[in-house]
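# Structural characterization, general
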Amino acid sequence: AGEHARRHSVRLSVHPGQYTVLGSNNSDVVAKSIEDLEYHALYGQYMNLPAQDFTMNIHLQGLYGGKHEDALKTAWKTLELSETRYGRMHKTYLRVADIVAGILFRQGDRKAAFELHRVVVDVSISLFGEESDQARAAELNHRVYSRDA
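Residues numbered from 1 in each chain as written. Predicted model: local features only at pLDDT ≥ 70, side-chain atom pairs only at ≥ 80, totals over all residues. Heavy atoms only, no water.

## Some thoughts on helix H2 (residues 27-46)
Helix length check: H2 (20 residues) gives 29 Å between terminal C-alpha atoms against 28 Å at 1.5 Å per residue, within 8%. Asn 48, located one to two residues past H2, shows a positive phi value of around 55°. (Helix = DSSP H or I, 4+ residues; strand = E, 2+ residues; numbered from the N terminus. Expected span 1.5 Å × (residues − 1).)

In structure tokens form, the structure reads like this:
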């Protein structure tokens, strides 16, 4: 399917379920949400699709006490929870940081996206090695962020 999508310039996406709530006040819900996102990300990885050709649609805003949290606050909160739970040198933190960098980029905070994605590249190299597919993919994606930083 991945080869067919690339050949015909088709952009594929996934949409995790309604119980994937990164903005939850419950850290266990956030941890399970991250696991669900990792599971859905495997579709793109197994089809060898670069991140820019594989979209994951997720709901970021939560409704607490009748007041909406904005997407950027929720993204930062999720990154903070991930770092607290797993530490920076963990593949789950790495994936969350990559997702948050994309959110920042799309929300217009190009400088913060660039800086956070530099962390993604550095952690990828530390975890998997400089010549790994993960590090090369992170470097490739980082070039997208560097264009507008």
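## Examining the nonpolar core
Core analysis: the largest hydrophobic core is formed by 24 residues, its most contacted members being Leu 79, Tyr 93, Ala 97, Val 100, Leu 104 and Leu 116. Among the elements of the structure, H2, helix H3 (71-86), helix H4 (91-106), helix H5 (110-128) and helix H6 (133-148) are those that each provide at least two residues to this core. Discounting chain neighbours no more than four positions away, the residues touching Leu 79 are Tyr 93, Val 96, Ala 97, Val 100 and Leu 116. (Core = buried A, V, L, I, M, F, W, Y, C linked by side-chain atoms within 4.5 Å. Buried < 20%, exposed > 50% of the residue type's maximum accessible area, 1.4 Å probe, protein only. Contact = heavy atoms within 4.5 Å.)

## Remarks on the pattern of salt bridges
One pass over the full model with this rule turns up six salt bridges. Glu 83 is the salt-bridge partner of Arg 88, the closest N and O atoms lying 3.2 Å from each other. For the salt bridge of Lys 111 with Glu 115, the shortest nitrogen-to-oxygen distance reads 2.6 Å. Taken as a pair, Lys 111 and Glu 115 lie in helix H5 at a separation of four residues, close to a single helical turn. Overall, Lys 111 belongs to the exposed group, its relative accessible area being 55%. Looking at Glu 115, the relative accessible area reads 43%, which means it is partly exposed. The network of salt bridges with common partners includes Arg 118, Asp 122 and Glu 139. (Salt bridge = Lys/Arg side-chain N within 4 Å of Asp/Glu carboxyl O.)

## Digging into the packing of aromatic side chains
For the structure shown, the criterion picks out one aromatic pair. Positioned above the aromatic ring of Phe 105, the side-chain terminus of Arg 110 is 4.1 Å from the ring centre. (Phe/Tyr/Trp six-rings, centres within 6.5 Å; stacked < 30°, edge-to-face > 60°. Lys NZ or Arg CZ within 6 Å of the ring centre and 35° of its normal.)

## What to know about the environment of Met 89
Position of Met 89 among the secondary structure elements: in the loop between H3 and H4. What Met 89 contacts, discounting residues up to four positions off in sequence, is Val 123, Ser 126 and Leu 127.

## Considering the confidence of the model for the chain
Of all residues in the chain, 88% attain a pLDDT of 70 or more, and the chain-wide mean is 78. Ranking the elements of the chain by mean pLDDT puts strand S4 (residues 67-68) last, at 47, and H5 first, at 89. (pLDDT = per-residue confidence, 0-100.)

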